[in-house]
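Reading the structure
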Amino acid sequence: MSTPRFNFEIAAADRLEITDAEVFDLLTQVYVSGGFTSSEEAVSLFEPTAVRARGTLIGAREKQQSKLAGFIIVVPSSSPAKRLAKDNEAELHLLGVRPEYRKHGFGSMLIDAAIENARHSGCSKLILWTQLSMSSAQRLYESAGFTHVSNIERNGREFKVYERDLCA
C-alpha cells in the first residue's frame, strides 16, 4: 500500500465538523454511483440525521481542500440501528471512501480508528456485513483481521458477514 500523499485528519464527526450535506454526498457517491444502492433507496438509507444516530461517525478530512475523504460508523449494541451485535459487541456500518482518495490507506486507517473506538468503549467483538460484489472491501476487512463467518440475506441482497474479536 502506498503512503498517503494527502495531509488529513481522522477524528469523530463533530471534531471534523462534518456537515449533513457531506454525509449524504459521500454515501451517494460511494454507494449509488458505485452501483451498490439505488438512488431511490439512498433517500431514506442515507438521511444524515438517521446515519448519525446509528453510532459514532469517524471521518477522514483532507486538510488542503478541506474535503471529506471518507468515514465509517461504529454502531454499539444499544443502538436501534444494530442488526447482529449482541451485548458488549459493536457493528461497523457504511465504510465509504471517495474514489479519488482510494488506494492511499484511508480505508485501513478508518477501520483501525473504528477498532480503537470499539476497544475503548469496552466492546469484545466487531461485526460487519458487505455485499458479495464488494470484493475490495472484503479484502480490506480481511487484511484488518476480520474473518468471514456466514452469509445473510437482507432486502433481496446477499451479504457476507465478518467478525473480529477485540479481546486479544
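Use the structure listed above.
So, how was this worked out
- Per chain, residues are indexed from 1 in the order of the written sequence.
- Where totals are concerned, whole chains, interfaces and linings use all residues; where local detail is concerned, this predicted model gives features only for residues with pLDDT of at least 70, and gives and counts side-chain atom pairs only at 80 or more.
- As a rule here, side-chain values come from all non-hydrogen atoms in the structure, and water together with hydrogens is ignored.
- Helix and strand definitions follow DSSP, with helices as H or I runs of at least four residues and strands as E runs of at least two, each counted in order from the N terminus.
- Only protein chains enter the accessibility calculation, which uses a 1.4 Å probe; a residue whose area is less than 20% of its type maximum is buried, one above 50% is exposed, and one in between is partly exposed.
- Take a side-chain nitrogen of Lys or Arg and a carboxyl oxygen of Asp or Glu: if they are within 4 Å of each other, that pair is a salt bridge.

Some remarks on the overall build of the protein chain
When helices and strands are tallied, the protein chain shows 6 helices and 7 strands. Its helices and strands taken in sequence order, the protein chain reads β-α-α-α-α-β-β-β-α-β-α-β-β from the N to the C terminus. For the protein chain, the spread of C-alpha atoms along the principal axes amounts to about 40 × 40 × 30 Å. Residues counted as buried form 46% of the 168 residues belonging to the protein chain.

With respect to the pattern of salt bridges
Under the criterion given, the structure shown has 8 salt bridges. Notably, a salt bridge pairs Arg157 with Glu41, separated by 3.1 Å at the nearest N-O pair. Of this pair, Arg157 sits in strand β7 (residues 157–165) while Glu41 sits in helix α3 (residues 39–45); the two residues are 116 residues apart in sequence, bridging distant segments of the chain. Residue Glu41 is classed as partly exposed on the basis of its relative accessible area of 26%. Linking Lys67 and Glu100 is a salt bridge whose minimum nitrogen-to-oxygen distance equals 2.6 Å. Within this pair, whereas Lys67 is found in strand β3 (residues 67–76), its partner Glu100 is found in the loop between β4 (89–97) and α5 (106–120), the two being separated by 33 residues in sequence.

So yeah, pure geometry; function would need other evidence.
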